[in-house]
Amino acid sequence: MYTSAEEAHRRDEADPGHRHLFHVPPADGGDHPESAYLAGNSLGLQPRATRDELLADLDAWGRLGVEGHLEAERAWLPYHELLTGPAARLVGARPTEAVVMNSLTVNLHLLMVSFYRPAGARTRIVIEDAAFPSDSYAVRSQARFHGLDPDDTVVRLRPRDGEDALRTEDVTDYLAAEGDRVALLLLGGVNYLTGELLDIPAITAAGRAAGAVVGWDLAHAVGNVPLALHDWDVDFAAWCSYKYLNSGPGALAGVFVHERHLGDESLPRFEGWWSTAATTRFEMTPVSRPPATVEAWQISNPPIFAMGPVRTSLELFDAVGMTALRARSQRLTGWLESLLDEVTVGRPLRVVTPRDPARRGCQLSVRIGSGSAAELTKRLRYEHGVIADAREPDVVRFAPVPLYSTYLDCWRAATALASTVGQVTS
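What counts as what
Residues numbered from 1 in each chain as written. Predicted model: local features only at pLDDT ≥ 70, side-chain atom pairs only at ≥ 80, totals over all residues. Heavy atoms only, no water. Helix = DSSP H or I, 4+ residues; strand = E, 2+ residues; numbered from the N terminus. Core = buried A, V, L, I, M, F, W, Y, C linked by side-chain atoms within 4.5 Å. Buried < 20%, exposed > 50% of the residue type's maximum accessible area, 1.4 Å probe, protein only. Pairing = 2+ DSSP bridges. Axes fitted to C-alpha atoms, helices over the stretch in contact; angles between N-to-C directions. Contact = heavy atoms within 4.5 Å. Right-handed = clockwise from strand over helix to strand, strands pointing away. Salt bridge = Lys/Arg side-chain N within 4 Å of Asp/Glu carboxyl O. Phe/Tyr/Trp six-rings, centres within 6.5 Å; stacked < 30°, edge-to-face > 60°. Lys NZ or Arg CZ within 6 Å of the ring centre and 35° of its normal. Patch = residues over 30% accessible without salt bridge, like charges linked within 9 Å, V, L, I, M, F, W, Y side chains within 5 Å. Areas by Shrake-Rupley, 256 points an atom, 1.4 Å probe, with all protein chains shown as cover. Polar contact = N/O pair within 3.5 Å; in protein donor to acceptor, adjacent residues only side chain to side chain.

(A) View of the environment of V320. Within the secondary structure layout, V320 lies in helix α10 (residues 304–320). Between the C-alpha atoms of V320 and H18, which are 302 residues apart in sequence, the distance is 9.0 Å.

Structural data, given as structure tokens:
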């Protein structure tokens, strides 16, 4: 490597993140005590504050029993409201438009109950070909639920020949040509495989102009890139909280519904105990009276101990701010890109993430020319203490998360990759 570890240390001194607020796993190999953790796009690290705050909620149960619903320091009955403000700010929503609940795919199904309404020739669901499998399963099952053939109903948009990422104009061109047959456009804001950030406002505008409902899976976008869902006129969105939001494995997810749909009694929607208005919930009437907020899409009472880690994380994002995080993300990812540019020369490696910083988040995906991506990541971990993420058969994903990753992490990842993958000899 032409760049030294000393240069990485210099950059870390000048541009520190918030690593001290997180638990970093110890290294399983290499010369450093801590891992170079570049897998936050799969599972974020644990904030140090999470344990104590979660234990405090558990202690309230022990001390108060059922009375904790109203008497706990963070009372359980309105607990989910503690997450509403910071979640809304994080995705650029109004407080009535965002709620934390359930898991990502459950939320997508609940939203599609309301917003996928095939009629006449307008039946298609458009996704990207490289959508995460659960999204593909979800939309295909929705098509079957409506008595439609998923092979005919679900349209998978592919990148152009010889390209790895789907361009924004590939989506808008399709909508211009076939939009009158599209009932739902449901894309990933940041693609899980390539790390590409789509132009959410431009695609949303094109979809709505074509008469389609536009929803977004923001699993890899929330906490990674700035979002303005209300201003962008998105119909609905859903996201998980265990990746960039650092809320723990299987953490509760989030939902956005634009305010123009709130209180619309014509929308079909599944209902339950928590989807009726809080002011009348304990009147125990048999007919739900949903509020004119996104909380009408809630079904069950919130799991308090699962909400605690999400609340802790959202408060951290509120304190640091996405503007600062996005700026540091572009500096970190840009530097890792420059290091990978050195490594890939003469090796069977190719970065498939767009080079334009505006078209990506903090992930760089590397396609390997031979061998198994999973085997390569094992070697990076056990020989060099670098934790990256494999997507078989041939993509290794590196995510320098701006909250806790360092320039040294990036340098270690690049040097480990250079050491592990040999140059091709002529």
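So that's the structure; there's more coming.
(B) Here's a closer look at the nonpolar core. Grouped together as the largest cluster of nonpolar side chains are 64 residues, with contacts concentrated most on W216, L218 and L403. Among the elements that take part in this core, α10 stands out by supplying seven residues, more than any other.

(C) Focus on the sheet that holds strand β12 (residues 389–391). One open sheet holds the four strands; their spatial order is β9-β10-β13-β12, and the pairing between them is antiparallel. The outermost strands of the open sheet, each flanked by one partner alone, are β9 (349–351) and β12. The mean angle between the axes of side-by-side strands here comes to 30°, regardless of whether they run parallel or antiparallel. Relative to strand β10 (residues 364–368), β9 is paired through three bridges, and the arrangement is antiparallel. Paired with R350 across the bridge in β10 is R367. Docked against the sheet, helix α11 (residues 322–344) engages β9, β10 and β13 (395–398), running at close to 15° with respect to β10.

(D) Molecular detail of the environment of R359. The residue R359 is located in the loop between β9 and β10 in this model. In this structure R359 comes out as partly exposed when scored by relative accessible area, which is 30%. With 194 residues separating them in the primary sequence, R359 and A165 have C-alpha atoms 9.9 Å apart. Setting aside chain neighbours within four positions, we find R359 in contact with A165, L166, R167, G195, E196, L197 and P354.

(E) Seen up close, the pairing of strand β5 (residues 182–188). Among the seven residues of β5, seven are classified as buried, and the element is accordingly described as predominantly covered. Of the pairings in the sheet, the one linking strand β3 (residues 124–128) to β5 comprises three bridges and is parallel in character. Bridge assignment links V126 to a residue of β5, and that residue is L185. The pairing of β5 with strand β6 (residues 213–217) spans five bridges and is classified as parallel. From the neighbouring strand, G188 faces β6, where its bridge partner is D217. Handedness of the crossover joining β5 and β6 through helix α9 (residues 200–209): right-handed.

(F) A look at helix α4 (residues 81–91). In terms of residue burial, α4 counts as a mostly covered element, since eight of its eleven residues are buried. Restricting attention to buried positions, one finds in α4 the residues L83, T84, G85, P86, A87, A88, L90 and V91. On its buried side, α4 packs onto β2 (98–100), β7 (236–239), α10 and α11. Trailing α4 by a residue or two, G92 shows a phi angle of about 70°, which is positive.

(G) Expanded view of the pattern of salt bridges. Per the counting criterion, the structure on display carries 36 salt bridges. A salt bridge links D235 to R260, with the nearest nitrogen and oxygen atoms 2.6 Å apart. Taken together, the residues span a long stretch of sequence, with D235 in the loop between β6 and β7 and R260 in the loop between β8 (254–257) and α10 at a distance of 25 residues. According to the relative accessible area criterion, R260 is partly exposed, its value standing at 31%.

(H) The arrangement of the packing of aromatic side chains in detail. Following the criterion strictly, the structure yields nine aromatic pairs and no others. Between R269 and the ring centre of W297, over which it is positioned, the NZ or CZ distance is 5.1 Å. Here the basic side chain of R281 rests over the ring of W274, its NZ or CZ set 3.8 Å away from the ring centre.

(I) Spatial organisation of a nonpolar patch on the surface. Among the surface-exposed residues, L55, L58, W61 and F305 lie close enough to one another that they form a single nonpolar patch of about 370 Å² accessible area. No other element matches the three residues that helix α2 (residues 48–64) contributes to the nonpolar patch. Tracing the chain through its elements places F305 in helix α10. Relative accessible area serves as the criterion here: at 30%, F305 is assigned to the partly exposed category.

(J) The arrangement of the pairing of β7 in detail. Of the two faces of β7, both are covered, the one formed by F236 and A238 as well as the one formed by A237 and W239. Bridge count between β6 and β7: three bridges; the pairing is parallel. Bridging across to β7, W216 finds its partner in A237.

(K) Here's a closer look at the side chain of R397. In this fold, R397 is placed in strand β13. At a separation of 2.6 Å, a polar atom in the side chain of R397 contacts the main-chain carbonyl oxygen of Y192. A polar contact of 2.5 Å, which involves the side chain of R397, links it to the side chain of D389. Setting aside residues up to four positions removed in sequence, R397 forms contacts with L38, N41, S42, Y192, L193, H220, Q363, L364, S365, A388, D389 and R391.

(L) Quick look at unusual backbone geometry. Omega for the peptide link from E392 to P393 comes to 10°, which places this bond in the cis form. Locating P393 in the fold gives a position in the loop between β12 and β13. Unlike most non-glycine residues, N246 shows phi in positive territory, near 55°. Assignment of secondary structure puts N246 in the loop between β7 and β8.

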